[in-house]
Amino acid sequence: MTVEIAAQPGPFAFDASHTALIVIDMQRDFIEPGGFGESLGNDVSLLAAIVPAVAELLALARTDGWTIVHTRESHAPDLSDCPPAKRLRGTPRMRIGDPGPMGRILVRGEPGNAIVDALAPAAGEIVIDKPGKGAFYVTTLDDELRAREITHLVFAGVTTEVCVQSSMREANDRGYTCLLVEDATASYFPAFKQASLEMIRSQGGIVGWTAPLAAFTMER
Ligand code: C5J
């Protein structure tokens, strides 16, 4: 059944059976003190603030039978999938692969690399480990979505202007119809979040649509 919600730049229509929720990188490394995000000098509380909204969106998607995907920005323990150009950027204080308070920074399997407890993937949900900012780069995400005949993607997660926007642009180029939930995404830089939302929906939705979580809950 197709439903239509109020969104920008116009109404967004989708069918639950062809829709996936893509929750980007809600990991301890970005959201909790002691992880990668904080090691770069960021205020992680800005990201922690959206956890309740993402939890509500996940609950709604589970109830309505959407496909659910969680991503984690993560690297192999030998860092063979982390280009030096990525590792050497940022602050020399703590880099990807270095030991941190929650284990090695952004390394697969380390405690800090896990998704925060409140948003833990449920059995059967897709979890994608991605070495890049975009969720499609050297991952199986596109194959997983096409195998399930997914055409519409609803995005949430962090950070808006980096991994969320990169993933949404990659999805757009692959032919998916995309929407970003405005209050279920966050940036360490509120102005960057606002600019990203405006970029995405500009020019008639050049990357896609945006809508508040309430647009989904009011529909029910
Ligand atoms: C960053 C991300 N910001 N998940 N990663 O490095 O946006």
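Please read these numbers as outputs of a predicted model, since none were measured by experiment. (Residues numbered from 1 in each chain as written. Predicted model: local features only at pLDDT ≥ 70, side-chain atom pairs only at ≥ 80, totals over all residues. Heavy atoms only, no water.)

Some points on the site of the ligand
And step 1. In the vicinity of the ligand, the contacting residues are Asp25, Phe30, Glu73, Lys133, Val158, Thr159, Val162 and Cys163.
And step 2. Within the side chain of Asp25, one N or O atom sits 2.7 Å away from a nitrogen atom of the ligand.
And step 3. At 2.9 Å from an oxygen atom of the ligand is found a main-chain nitrogen or oxygen belonging to Thr159.
And step 4. Surface burial for the ligand is 91%, taken as the share of its 230 Å² of free accessible area covered by protein chains.
And step 5. One can see that the ligand is located within the largest pocket.
And step 6. Residue composition of the shell around the ligand, grouped by class: four nonpolar, one polar and three charged. (Near = heavy atom within 4 Å. Polar contact = N/O pair within 3.5 Å; in protein donor to acceptor, adjacent residues only side chain to side chain. Areas by Shrake-Rupley, 256 points an atom, 1.4 Å probe, with all protein chains shown as cover. 1 Å grid on protein atoms, 1.4 Å probe; cavity = no way out; pocket = protein on both sides within 12 Å on 5 of 7 lines; lining within 4 Å. Sits in = over half its atoms within 2 Å of the grid points. Nonpolar A, V, L, I, M, F, W, Y, C, P; charged D, E, K, R; others polar.)

Description of the sheet that holds strand 8 (residues 152-158)
And step 1. Strand order in the open sheet formed by six strands is 7-4-3-8-9-10, and the pairing between neighbours is parallel. The open sheet is flanked by strand 7 (126-130) and strand 10 (209-211), the only strands paired with a single partner. Strand after strand, the sheet turns through a mean of 25° between neighbouring axes, direction not considered.
And step 2. Sheet contacts for helix 8 (residues 190-205): strand 9 (177-186) and strand 10; angle to strand 9, the most-contacted strand, approximately 165°. (Pairing = 2+ DSSP bridges. Helix = DSSP H or I, 4+ residues; strand = E, 2+ residues; numbered from the N terminus. Axes fitted to C-alpha atoms, helices over the stretch in contact; angles between N-to-C directions. Contact = heavy atoms within 4.5 Å.)

Notes on the packing of helix 7 (residues 160-173) against helix 8
And step 1. Running from N to C, helix 7 and helix 8 cross one another at 15°; their axes reach a closest spacing of 10 Å. When the interaxial angle is binned, helix 7 and helix 8 end up roughly parallel. Our pair here, helix 7 against helix 8, has a crossing hand that is right-handed. Where helix 7 approaches helix 8, its residues Thr160, Glu161, Gln165, Met168 and Arg169 are matched on the opposing element by Phe192, Lys193, Ser196, Met199 and Ile200.
And step 2. Broken down by class, the residue content of the contact of helix 7 with helix 8 amounts to four nonpolar, three polar and three charged. (Parallel < 35°, antiparallel > 145°, perpendicular 65-115°, else oblique. Left-handed = near helix turned anticlockwise from the far one by under 90°.)

A look at the packing of aromatic side chains
And step 1. Summed over the entire model, instances satisfying the criterion amount to eight aromatic pairs.
And step 2. An aromatic cluster of at least three residues, connected via ring pairs, comprises Phe12, Phe14, Trp66, Trp209 and Phe216. (Phe/Tyr/Trp six-rings, centres within 6.5 Å; stacked < 30°, edge-to-face > 60°.)

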